Amino acid sequence: MAYVLGIDIGGTSIKAGLFDEAGTLLDIAKIKTTELVNEEAYRIVCVGLDKLLEGKGATPADVVAVGLDVPGPVDADGKVGVLPNITLDADGLKDALRAHFTDATLAFVNDANAAAMGEVWQGGAKDVDNCVMVTLGTGVGGGVICNGKLVAGAFGAGGEIGHINMNPDETLHCGCGKTGHLEQYASAKGIVRAYREACERAGQEPVAIEHDTDTISVFNALAAGDPCAEEAIDQMTEVLGRALAIISAIVDPEVVLVGGGVAGAWNVLGPKVTTAFRKYCFPACAAMRISAATLGNEAGMYGAAYCAMQAE
């Protein structure tokens, strides 16, 4: 039997999924890592992947494709750009995996793009040729699929939806160094910031916030009738809906899927985002569906595996 590995690379660990070629997820392993920049770190990864295979009675020789997703730009040739949140020697890891899985194709892909491809392969966009994935978490990521193909772009920045400028008058800086980007309003951090600012304007004491991305407390406050929480969520959904209207006029997707941690509150966000989108969109795009992604935190693994299978 032939197997495919989809590997989601994080800062302190990687999550690896073992798939068959039909797209069935057979097993998952979490492998603790340090900085992925030396032979010992690569060895730890390979040992962890071997253990995952052993659980199914398989060996590296049975693996036909290995896909890895990373939190940063990857161009159409698989070249990894700047990775601000992890320490990774992409070429070194690629060489180590190629030496270990000698019969497998290998592919790197941006994590949000991988999530998009995962949803196309086995999730909420299955059998859809044109779609956009938006991931709402600490930041805002995205992936664009046109005619069944991932849009990586000339510099690997295709789908960087979080960096659409939504407010040229903003003075605070996005993590990328610019100002007024969608990520500053639609991310978990953006929601918490908007709530605190609304409380300050209203002279209201905010509910206890555990950290700068603690949207759970904001949504709990909303459910309890907190008007400042409602103001913050309304601002977020208005900006996101307007951003999707802009995207729809360029990409014209059949569906936009929204994933990531913040999307766990889609029952609250969904109707508001859809209303805002329809208010701003080009009329020909009004039938575009906006719905929650279905693969959750496993979407990246699915997409990485799928992209590796498609690699030449």
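Residues numbered from 1 in each chain as written. Predicted model: local features only at pLDDT ≥ 70, side-chain atom pairs only at ≥ 80, totals over all residues. Heavy atoms only, no water.

**Notes on the confidence of the model for the protein**
Reasoning step 1: A residue-level look at the protein finds 98% of positions with pLDDT of 70 or above and a mean pLDDT of 92.
Reasoning step 2: Mean pLDDT across the elements of the protein ranges from a minimum in strand β8 (residues 149–150), with 86, to a maximum in helix α7 (residues 227–251), with 98. (pLDDT = per-residue confidence, 0-100. Helix = DSSP H or I, 4+ residues; strand = E, 2+ residues; numbered from the N terminus.)

**Let's talk about the nonpolar core**
Reasoning step 1: By size, the foremost hydrophobic cluster in this structure holds 46 residues, and its most contacted members are Leu136, Leu182, Tyr195 and Leu244.
Reasoning step 2: Elements with a contribution of two residues or more to this core: β6 (131–136), β7 (140–146), α4 (183–186), α5 (188–202), α6 (215–223), α7, β9 (255–259) and α8 (266–280).
Reasoning step 3: Sorting elements by how many residues they give to this core places α7 first, with 12 residues.
Reasoning step 4: If we skip the residues at most four places from it in the chain, leucine 182 touches Val140, Ile161, Gly162, Ile164, Met166, Val239, Leu240 and Ala243. (Core = buried A, V, L, I, M, F, W, Y, C linked by side-chain atoms within 4.5 Å. Buried < 20%, exposed > 50% of the residue type's maximum accessible area, 1.4 Å probe, protein only. Contact = heavy atoms within 4.5 Å.)

**What to know about the sheet that holds strand β3 (residues 25–32)**
Reasoning step 1: Read across the open sheet, the five strands follow the order β3-β2-β1-β4-β5; overall the sheet is mixed. Here the strands that pair on one side only, and so sit at the sheet edges, are β3 and β5 (105–110). Neighbour to neighbour, the strand axes of the sheet diverge by 20 degrees on average, direction disregarded.
Reasoning step 2: Sheet topology note: the strand β4 (residues 63–70)/β5 ladder contains six bridges and is parallel. (Pairing = 2+ DSSP bridges. Axes fitted to C-alpha atoms, helices over the stretch in contact; angles between N-to-C directions.)

**So, the sheet that holds β8**
Reasoning step 1: With mixed pairing, five strands are arranged side by side in an open sheet as β8-β7-β6-β9-β10. Of all strands in the sheet, those with a lone pairing partner are β8 and β10 (289–292), marking the two edges.
Reasoning step 2: Relative to β7, β6 runs antiparallel, the two sharing six bridges. In the strand pairing of β7, leucine 136 is matched with valine 140.
Reasoning step 3: Running at roughly 50 degrees to β7, helix α3 (residues 111–122) makes contact with β6, β7, β8 and β9 of the sheet.
Reasoning step 4: Across the sheet, α7 lies against β6, β7, β9 and β10, angled at about 155 degrees from β6, the strand it touches most.

**Side note on α3**
Reasoning step 1: Taking 1.5 Å per residue, 12 residues should reach 16 Å; α3 reaches 16 Å between its end C-alpha atoms and fits that length.
Reasoning step 2: Counting buried positions over the 12 residues of α3 gives 10, a clear majority of the element.
Reasoning step 3: For α3, the complete set of buried residues consists of Ala112, Asn113, Ala114, Ala115, Ala116, Met117, Gly118, Glu119, Val120 and Trp121.
Reasoning step 4: Taking the backbone nitrogen of alanine 112 as reference, a side-chain oxygen 2.9 Å away marks asparagine 110 as the first, capping residue of α3. (Expected span 1.5 Å × (residues − 1). Polar contact = N/O pair within 3.5 Å; in protein donor to acceptor, adjacent residues only side chain to side chain.)

**Quick notes on the pattern of salt bridges**
Reasoning step 1: For the coordinates displayed, the defined rule picks out seven salt bridges.
Reasoning step 2: One salt bridge in this structure joins aspartate 212 and arginine 196, with 2.9 Å as the shortest N-O distance. Of this pair, aspartate 212 sits in the loop between α5 and α6 while arginine 196 sits in helix α5, and the two are 16 residues apart along the sequence.
Reasoning step 3: In the salt-bridge network here, residues are joined through shared partners; they are Glu170, Arg193 and Glu197. (Salt bridge = Lys/Arg side-chain N within 4 Å of Asp/Glu carboxyl O.)

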